[in-house]
Amino acid sequence: MENKHTVGHIVAILTIAIWGTTFISTKLLLNDFTPIEILFFRFIMGLIALIIVYPHRLKVKDKKHELLFAGAGLCGVTLYYLLENIALTYTMASNVGVICSLAPFFTAILIYLFLKDEPLRGNFFIGFVVAMVGISLISFSGTSNFQLNPLGDLLAVGATIVWAFYSLFTRKISSYGYNTIQITRRMFFYGIIFMLPALFLYNFRLGIERFANPVNLFNIIFLGLGASALCFVTWNFALKVLGAVRTSIYIYMIPVITVVTSMIILHEKITGMAALGTILTLAGLFVSEGKIYFLKKKAAQV
């Protein structure tokens, strides 16, 4: 069991490492694609890849489970990414980055209210506050002023809350014993179904000729096979092994990964404020994660 938890932590970190770099691919693709087109193509590609890798049909044990799959697809695939992308058109990216980092907090609250199987302790909230201070320093280190935009910021909050519901649904589904790839595949299917109305609202076009550009092709493959097919499977595995609260804490690392990636790929210089923010963010993660792990281990020994 201990080895399985170690694998869960490693998988969660690797998932976040990939998700933390996706902003570069998305930014490059936005030159030729709309946000909804990027979203649709990446998850279609991800769904096809998962069908090829594991073609076995999912046999749902209870019709009520199907509602949970639909809820996870709606929240984790369709609503989260749509709300986040739309929020970016109304408010600063730094605002969205900080607000979306609230996901572990909302996830912990929902899990506690609805499942009550992952108790919250003082150190979780202490770590949350420390991490949020660090994330704020990272996000606003390159800006000269802080600007609030009620609509954009509320959309970002909405994205964070629906991600918390996705974690809740996935945590519940993981207790039913389904294969992780089949779970992810079914979520993608529902996510794409719920995405269809948005395609008409945002003037979706197929435009396959755009993939003749090697940059576009590489980045959509990275988002479809890496950030979607692979990462959703690994994230769902981590949720199943570690629980929703402990896994969601790793979301704190996304701004840190973004800073490191920007230094390596975009050759951006890290500021003193961003460096301090990185240290505080990691400290917050360790405070939250370490205490939860210690309490659970102690409880298991009693």
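Nothing here was measured: the structure is a model prediction, and the numbers come from that model.

*Asks:* I'm lost on the side chain of Ser-167 in this one. Help?
*Replies:* Summarising the element assignment, Ser-167 is placed in helix H8 (residues 150-174). Exposure remark for Ser-167: the relative accessible area of 0% places this residue in the buried category. If we ignore the near neighbours within four places in the chain, the residues touching Ser-167 are Thr-107, Ile-111 and Ala-244.

*Asks:* Would you explain helix H6 (residues 103-114) in this entry?
*Replies:* Over its 12 residues, H6 runs 16 Å from end to end, which matches the ideal 16 Å to within 8%, given 1.5 Å per residue. Burial in H6 covers these residues: Ala-103, Pro-104, Thr-107, Ala-108, Leu-110 and Ile-111. Just downstream of H6 lies Lys-116, where phi reads positive at about 55°.

*Asks:* Looking at this structure, I do not really get the side chain of Thr-160. What am I missing?
*Replies:* By the element assignment, Thr-160 lies in helix H8. One polar contact links the side chain of Thr-160 to the main-chain carbonyl oxygen of Ala-156, over a distance of 3.0 Å.

*Asks:* In this structure, what is going on with the environment of Val-130? I would like to understand it.
*Replies:* Structurally, the position occupied by Val-130 is in helix H7 (residues 122-140). When its relative accessible area of 27% is taken as the criterion, Val-130 is described as partly exposed. Here Val-130 is in contact with Leu-280, Ala-283 and Gly-284, once residues within four sequence places are set aside.

Thresholds, definitions, all that
Residues numbered from 1 in each chain as written. Predicted model: local features only at pLDDT ≥ 70, side-chain atom pairs only at ≥ 80, totals over all residues. Heavy atoms only, no water. Helix = DSSP H or I, 4+ residues; strand = E, 2+ residues; numbered from the N terminus. Buried < 20%, exposed > 50% of the residue type's maximum accessible area, 1.4 Å probe, protein only. Contact = heavy atoms within 4.5 Å. Expected span 1.5 Å × (residues − 1). Polar contact = N/O pair within 3.5 Å; in protein donor to acceptor, adjacent residues only side chain to side chain.

None of this, on its own, says anything about what the molecule does.
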